[in-house]
Amino acid sequence: METHQFAATGRDKIIAPVDAAQRLRDELAALEIDADVHDGYGLALVSVWYELVVWTDGLVFRWGSGQRPWRGRPGWHAFAPADDPVTAARRVAGRYAELLKKHPRPEPSTGAPQ
């Protein structure tokens, strides 16, 4: 096993972080959510929306849940196994919907540039 690959939780197959991220991106696309994948240093990131970046090490997906910190601790993270991108995409889509209320899509410009 190369250093940038990790065994998937509960399975014998190996998932490279970038492969897991691309599978999540594809599942998000099926839900009509655009995302970009970035890879490097043994991790992969899926950039979804303002304040919503999912990262994976090939074992789990992790993203900010939006929950407030408690007693000076950092905000809570949501998790999903990297070998289940369908469930992860559904959960990320829920967070995406919350964030769209806070950061709506910009309206396209109808006038000429100034």
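Whatever comes next refers back to the structure up there.
A short tour of the structure in this document, coming up. Bear in mind the structure is a predicted one, so any value in this text is a computation, not a measurement.

### Some words on the packing of helix H1 (residues 17-30) against helix H2 (residues 85-102)
Contact geometry of H1 with H2 gives a least axis separation of 9 Å together with a crossing angle of 60°. Taken together, H1 and H2 sit at an angle that is classed as oblique. In this structure, H1 crosses over H2, and the sense of that crossing is right-handed. Between H1 and H2, the residues in contact are Arg23, Leu24, Glu27 and Leu28 and Pro85, Val86, Ala88, Ala89, Val92 and Ala93, respectively. Considered class by class, the residues forming the contact of H1 with H2 number eight nonpolar, no polar and two charged.

### A closer look at the sheet that holds strand S6 (residues 60-64)
Paired through their backbone hydrogen bonds, the strands of a sheet run either parallel or antiparallel. Spatially, S3-S4-S5-S6-S7 is the arrangement adopted by the five strands of the open sheet, whose pairing is antiparallel. The sheet is open, and its two borders are formed by strand S3 (36-40) and strand S7 (77-81), each paired with just one other strand. Sheet twist, expressed as the average angle between the axes of neighbouring strands with direction ignored, equals 20°. Bridge count for S3 against strand S4 (residues 43-49) is five bridges, and the pairing is antiparallel. Across the sheet, the residue bridging to Gly40 is Leu43, located in S4. Sheet strands in contact with H1 are S3, S4, strand S5 (52-56) and S6, and its direction is about 20° off that of S4.

### Looking at the side chain of Arg95
Following the sequence through the fold, Arg95 ends up in helix H2. One polar contact links Arg95 to Glu98, side chain to side chain, over a distance of 2.8 Å. Sequence-distant contacts of Arg95, that is, excluding residues within four places in its chain, are made with Leu52, Trp63, Gly64, Ser65 and Gly66.

### Section: the packing of aromatic side chains
Within this structure, the stated rule accounts for two aromatic pairs. Here Trp49 and Tyr96 contribute two aromatic rings whose centre-to-centre distance is 5.9 Å and whose plane-to-plane angle is 80°, an arrangement assigned as edge-to-face. Of the two residues, Trp49 is situated in strand S4 and Tyr96 in helix H2; the sequence distance between them amounts to 47 residues. Neither residue differs from the other here; Trp49 and Tyr96 are each classed as buried. An aromatic cluster of three or more residues is present, and its members are Trp49, Tyr50 and Tyr96.

### Quick notes on unusual backbone geometry
Comment: phi is negative for the bulk of residues other than glycine, and the bulk of peptide bonds are trans. With a phi angle near 65°, Glu32 is a residue other than glycine that sits in the positive phi range. Topologically, Glu32 is positioned in the loop between H1 and S3. At Tyr41, a residue that is not glycine, the phi angle is positive and equals roughly 60°. Examined against the element boundaries, Tyr41 turns out to sit in the loop between S3 and S4.

What counts and what doesn't
Residues numbered from 1 in each chain as written. Predicted model: local features only at pLDDT ≥ 70, side-chain atom pairs only at ≥ 80, totals over all residues. Heavy atoms only, no water. Axes fitted to C-alpha atoms, helices over the stretch in contact; angles between N-to-C directions. Helix = DSSP H or I, 4+ residues; strand = E, 2+ residues; numbered from the N terminus. Parallel < 35°, antiparallel > 145°, perpendicular 65-115°, else oblique. Left-handed = near helix turned anticlockwise from the far one by under 90°. Contact = heavy atoms within 4.5 Å. Nonpolar A, V, L, I, M, F, W, Y, C, P; charged D, E, K, R; others polar. Pairing = 2+ DSSP bridges. Polar contact = N/O pair within 3.5 Å; in protein donor to acceptor, adjacent residues only side chain to side chain. Phe/Tyr/Trp six-rings, centres within 6.5 Å; stacked < 30°, edge-to-face > 60°. Buried < 20%, exposed > 50% of the residue type's maximum accessible area, 1.4 Å probe, protein only.

Everything listed here is a matter of geometry and, on its own, says nothing about what the molecule does.
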